[in-house]
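The lines below spell out each chain.
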Amino acid sequence: MDSGKHDAHNMPVTPPVRVEHEKTAVNDHHDHHAMMVDDFKKRFWISLVITIPILVLSPVIQEWSGISIRFAGDSYVLFILSSAVYFYGGSPFLKGMFDELRSAKPGMMTLVATAITTAYVYSSAVVFGLKGEVFFWELATLIDIMLLGHWLEMRSVMGAGRALEELARLMPPDAHRLMPDGSVKDVPLNELNIGDRVLVKPGEKIPADSMVAEGETSVNEAMLTGESKPVPKSPGDKVIGGSINGEGSITIEVKKTGSDSFLAQVIVLVKEAQESKSRTQDLANRAALWLTVIALAGGAITLLVWLLVLNEDLAFALERTVTVMVITCPHALGLAVPLVVAISTTLSAKNGLLIRNRSAFELARNIQAVVFDKTGTLTEGKFGITDIVLFNDTTDEGELLKYAASVEARSEHPIAKGIVSSSEETFPVEGFRAIPGKGAEGTVKGRDVKVVSPGYLREQNILVADERVEKLASQGKTVVFVIMDGRLKGAIALADIIRPESKKAVMMLKGMGIRCMMLTGDNRQVAKWVAEEIGLDEYFAEVLPQEKTAKIKEIQARKLIVAMTGDGVNDAPALAQADVGIAIGAGTDVAVETADIILVRSNPLDVVAVVGLARATYRKMVQNLVWATGYNTFAIPLAAGVLYQSGILLTPAMGAVLMSVSTMIVAINARFLKVKR
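In this text, all values refer to a predicted model and were calculated from it rather than measured experimentally.

**Let's talk about the overall build of the chain**
Then comes step 1: Scanning the chain from terminus to terminus reveals 26 helices and 22 strands.
Then comes step 2: Looking at the chain as a whole, 52% of its 677 residues qualify as buried.
Then comes step 3: If you take every contact in the chain between residues at least 6 apart in sequence, the share linking residues at least 24 apart comes to 69%.
Then comes step 4: Total accessible area computed for the chain in this model is approximately 30400 Å², and 58% of it derives from carbon and sulfur atoms.

Structure below.
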């Protein structure tokens with residue numbers, strides 16, 4: 001068991017704040033980032049303009065072009081212009097180097113600053129008397145390319161967080177509150193209170209988590225839950241703030257506001273995930289540190305070998321040294337993991353997969369067993385008809401069900417509700433009477449209809465010898481009997497309805513090489529029936545809530561990496577014990593403290609999506625890390641001048657181009673990350 005996971009669970013969760021404050025926080029962060037992007041853009045363009053006369057006045061460029069522009073003091077003009085580029089364009093790198101050195105973590109900025117400072121100091125010394133060639137033009141182009149690379153990088157990073165910004169903007173600016181006198185008043189969202197009634201017109205956004213009080217409509221919840229189809233809503237149904245009302249005008253009653261709302265909790269959970277520690281990020285940081293050491297050591301060795309072993313002049317040796325440092329700059333490495341993390345976090349949030357613990361999410365790619373809770377996870381948590389048995393041919397199944405449902409429509413019993421919900425039509429009933437503990441009866445279309453339990457049959461000495469009924473009872477299903485005009489007409493079997501997605505989810509997980517199990521407090525017959533219907537590898541029945549943790553430990557003792565999927569209430573200890581805890585969010589109840597990952601929709605297929613996204617995210621991270629570091633294998637030797645005798649030589653400017661191209665490829669590769677269901 002990973003101790004880090006327990007630490008994550010024990011850490012205090014940042015308390016949610018009001019959605020309005022979340023909007024402000026996200027927008028402030030966005031504005032700050034936008035200012036930084038604009039700053040790099042401005043520095044790039046100004047430095048580029050100054051670079052043009054630097055190139056014109058540089059002796060090497062004049063020699064290459066065959067055009068000579070010389071005048072008294074031209075070297076000092078070149079020095080002044082280059083100083084402007086060095087101090088203005090290079091200041092972000094110089095400041096970054098001091099920040100890194102202060103924290104004793106030399107990295108990317110240290111490499112860039114060392115390279116440009118080396119070129120500037122050497123060239124300045126040449127201007128004021130040291131024998132050699134000036135490299136101001138390479139210094140200027142190097143800074144230009146570095147600024148351009150950072151500008152493009154920051155734009156990519158900024159784009160990765162737009163989904164979170166979109167979440168914050170989902171809420172409408174105001175709401176149509178219904179006043180006591182029947183009038184409608186538009187009020188800001190922060191003035192809404194629990195219990196307020198609000199009018200929502202067709203096409204408008206739902207202003208708060210609420211319950212439909214009047215009217216019928218369909219609601220688009222795609223941005224919040226990932227559910228692509230509009231969800232039908234009628235009185236008594238819950239609606240989520242930020243979702244979009246469809247064709248009907250409805251009146252809603254506010255149930256949650258501010259920090260308790262679904263959207264506020266989603267934003268907090270996404271921010272937690274973006275800020276949580278990533279194991280792969282640690283690997284990237286260690287790689288960056290090693291590249292820093294390699295760059296400085298490689299630069300020093302290159303300088304010494306060209307000067308002392310190969311007896312080249314200082315200018316040439318310095319050029320090789322600068323190029324080595326530029327090539328080794330881990331800009332792409334610094335972007336490789338964070339960009340994938342940002343994209344996967346916001347992408348998962350848009351699809352109703354909320355990640356609270358990055359380490360556990362990264363571990364999800366290695367899951368070997370998924371343990372499902374039964375009720376409410378693999379099943380719908382409510383009774384429904386699974387089978388109808390007829391004892392003679394005088395009545396068909398549909399007719400039998402309509403008569404039974406007509407009687408049960410007057411009852412509040414869960415079994416009665418299950419029968420009624422399964423019937424397309426009911427008839428008027430007269431003389432309804434409950435038979436305490438045994439069922440109900442009434443007159444339907446002139447016929448005496450009873451819907452009764454097996455106990456009633458035993459009392460009346462009515463014998464049922466039918467293998468079909470015995471089989472249904474052995475599966476743990478609840479069986480009731482229908483008697484019409486004193487004759488036993490048929491039997492109706494009910495059970496907790498299996499979700500239609502459960503079988504497909506189990507099949508897909510098994511296709512990924514993952515064992516699928518079920519943990520339930522229900523009796524063994526019911527558990528066996530559900531397991532066989534869905535195709536589970538194993539099931540554990542009659543398990544008390546306090547025993548579920550022991551069962552997870554038992555599975556872990558087999559050396560399996562285990563994910564537990566449950567509703568996050570009575571399954572909380574098991575969710576915490578599992579290597580990866582996945583909670584079914586069930587609509588708006590998303591704040592499950594013990595889970596690592598929360599599924600907004602109660603859909604087992606989303607477990608498949610989590611595993612698939614975890615594997616795809618890891619692949620992207622590895623691809624980016626390989627690209628960010630792999631090109632150094634051939635680039636550093638070329639920069640050092642290994643193939644100089646063959647006429648192949650990399651200049652510092654070309655080295656910067658390679659670095660920037662690598663960075664852009666890493667950013668583009670990360671953007672191809674997708675959630676597959």
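**Here's the deal with helix α5 (residues 91–102)**
Then comes step 1: End to end, α5 covers 16 Å across twelve residues, agreeing with the expected 16 Å (1.5 Å per residue, within 8%).
Then comes step 2: Here α5 has its buried residues at P92, F93, L94, G96, M97 and E100.
Then comes step 3: Just downstream of α5 lies A104, where phi reads positive at about 60 degrees.

**Observations regarding the side chain of T377**
Then comes step 1: Among the secondary structure elements, T377 is positioned in helix α15 (residues 374–378).
Then comes step 2: Once residues lying within four places of it in the same chain are set aside, the contact partners of T377 are F372, R499, S502, T565, G566, D567, I584 and P604.

**Quick look at the pairing of strand β20 (residues 562–566)**
Then comes step 1: Of all five residues in β20, five are buried, a share of seventy percent or more.
Then comes step 2: Burial along β20 is two-sided: the residues V562, M564 and G566 and A563 and T565 are all buried.
Then comes step 3: Two strands pair when backbone bridges link them, and strand β11 (residues 369–373) and β20 are joined in this way by four bridges, in the parallel orientation. What sits directly across from V370, in β20, is A563.
Then comes step 4: Where β20 meets strand β21 (residues 580–584), four bridges bridge the pair, whose relative direction is parallel.

**Observations regarding the environment of K477**
Then comes step 1: Residue position: K477 is located in the loop between α19 (467–474) and β16 (478–484).
Then comes step 2: Each C-alpha atom, one on K477 and one on D496, is 8.5 Å from the other, the two residues being 19 residues apart in sequence.
Then comes step 3: Excluding residues within four positions of it along the chain, K477 makes contact with T386, D387, L472, A493, L494, A495 and W529.
Then comes step 4: Among the polar contacts made by the side chain of K477, one reaches the side chain of T386 at a distance of 3.4 Å.
Then comes step 5: Reaching out from K477, the side chain makes a polar contact with the side chain of D387 at a distance of 2.8 Å.

**Remarks on the pattern of salt bridges**
Then comes step 1: The tally for this structure, following the rule as stated, stands at 20 salt bridges.
Then comes step 2: Notably, a salt bridge pairs E214 with R197, separated by 3.4 Å at the nearest N-O pair. Here E214 is found in strand β4 (residues 209–214), whereas its partner R197 is found in strand β3 (residues 197–200), with 17 residues between them in sequence.
Then comes step 3: Exposure remark for E214: the relative accessible area of 45% places this residue in the partly exposed category.
Then comes step 4: Ionic pairing is found between E441 and K450, a salt bridge with its closest N-O pair at 3.3 Å.
Then comes step 5: Through salt bridges with shared partners, a single ionic network connects R433, E441, D448 and K450.

**Considering the nonpolar core**
Then comes step 1: The biggest cluster of nonpolar side chains holds 53 residues, and the ones touching the most others in it are I367, V370, L509, L536 and L599.
Then comes step 2: Among the elements that take part in this core, helix α24 (residues 605–630) stands out by supplying eleven residues, more than any other.
Then comes step 3: Apart from the residues lying within four places of it in its own chain, the contact partners of L509 are V370, F372, I514, C516, V607, V608 and V611.
Then comes step 4: Listed in part, the 39 residues of the second largest apolar core include V37, V112, A113 and L318.

**Things to note about unusual backbone geometry**
Then comes step 1: Of note in this structure, N461 is not a glycine but carries a positive phi near 55 degrees.
Then comes step 2: Mapping N461 onto the fold places it in the loop between α18 (454–459) and α19.
Then comes step 3: Of note in the backbone geometry, K559 takes a positive phi value of approximately 70 degrees without being a glycine.
Then comes step 4: Within the secondary structure layout, K559 lies in the loop between α22 (548–556) and β20.

**Describing the packing of aromatic side chains**
Then comes step 1: Enumeration over the complete set of coordinates arrives at 13 aromatic pairs.
Then comes step 2: Pairing Y76 with F128 gives two aromatic rings, centres 5.8 Å apart and planes at 55 degrees, and the pair type is tilted. Highlighted residues: Y76 in helix α4 (residues 74–89) and F128 in the loop between α6 (108–127) and α7 (136–160), separated in sequence by 52 residues.
Then comes step 3: Look at Y76 and you get partly exposed, because its relative accessible area is 42%.

**Side note on the UniProt feature "transmembrane region" (unreviewed entry) in the chain**
Then comes step 1: The UniProt feature table records "transmembrane region" (unreviewed entry) at residues 44–61, 67–88, 109–128, 134–152, 287–310, 322–349, 625–644 and 650–673.
Then comes step 2: End-to-end, the C-alpha atoms of residues 44–61 are 21 Å apart, and along that stretch the chain is 94% helix and 0% strand.
Then comes step 3: The span residues 625–644 shows a helical share of 75% and a strand share of 0%, and its end C-alpha atoms are spaced 29 Å apart.

**Quick word on the packing of α24 against helix α25 (residues 632–640)**
Packed helix pairs are specified by the crossing angle of their axes together with the interaxial distance, meaning the distance between the axes.
Then comes step 1: Running from amino to carboxyl end, α24 crosses α25 at an angle of 15 degrees, the nearest separation of the two axes being 7 Å. When the interaxial angle is binned, α24 and α25 end up roughly parallel. Of α25, the residues touching α24 (which contributes A628, T629 and G630) are N632, T633 and F634.
Then comes step 2: Here the contact of α24 with α25 is built from residues that sort into two nonpolar, four polar and no charged.

**Some words on the environment of G352**
Then comes step 1: Tracing the backbone through its elements, the reader meets G352 in the loop between α13 (331–350) and β10 (353–355).
Then comes step 2: As a C-alpha pair, G352 and D606 span 254 residues in sequence and 8.4 Å in three-dimensional space.

**Remarks on the sheet that holds strand β5 (residues 217–220)**
Then comes step 1: Across the sheet, which stays open at both edges, the three strands sit in the order β6-β5-β8 with antiparallel pairing between neighbours. Two strands bound the open sheet, and with one partner strand each, they are β6 (231–233) and β8 (244–245).

**Quick notes on the confidence of the model for the chain**
Then comes step 1: In this model, the chain carries an average pLDDT of 80, and 81% of its residues clear a pLDDT of 70 or more.
Then comes step 2: Mean pLDDT in the chain bottoms out at helix α1 (residues 3–10), which sits at 39, and peaks at strand β18 (residues 515–519), which reaches 95.
Then comes step 3: A low-confidence stretch, residues 1–27 stays under pLDDT 50, and its non-local contacts, those more than four residues away or across chains, total 56 contacts.
Then comes step 4: Contacts from residues 586–591, a stretch scored under 50 in pLDDT, to residues over four places away or in other chains number 19 contacts.

Parameters and conventions
- Residues numbered from 1 in each chain as written.
- Predicted model: local features only at pLDDT ≥ 70, side-chain atom pairs only at ≥ 80, totals over all residues.
- Heavy atoms only, no water.
- Helix = DSSP H or I, 4+ residues; strand = E, 2+ residues; numbered from the N terminus.
- Buried < 20%, exposed > 50% of the residue type's maximum accessible area, 1.4 Å probe, protein only.
- Contact = heavy atoms within 4.5 Å.
- Areas by Shrake-Rupley, 256 points an atom, 1.4 Å probe, with all protein chains shown as cover.
- Expected span 1.5 Å × (residues − 1).
- Pairing = 2+ DSSP bridges.
- Polar contact = N/O pair within 3.5 Å; in protein donor to acceptor, adjacent residues only side chain to side chain.
- Salt bridge = Lys/Arg side-chain N within 4 Å of Asp/Glu carboxyl O.
- Core = buried A, V, L, I, M, F, W, Y, C linked by side-chain atoms within 4.5 Å.
- Phe/Tyr/Trp six-rings, centres within 6.5 Å; stacked < 30°, edge-to-face > 60°.
- UniProt positions renumbered as here; feature names shortened; annotations may be inferred.
- Axes fitted to C-alpha atoms, helices over the stretch in contact; angles between N-to-C directions.
- Parallel < 35°, antiparallel > 145°, perpendicular 65-115°, else oblique.
- Nonpolar A, V, L, I, M, F, W, Y, C, P; charged D, E, K, R; others polar.
- pLDDT = per-residue confidence, 0-100.

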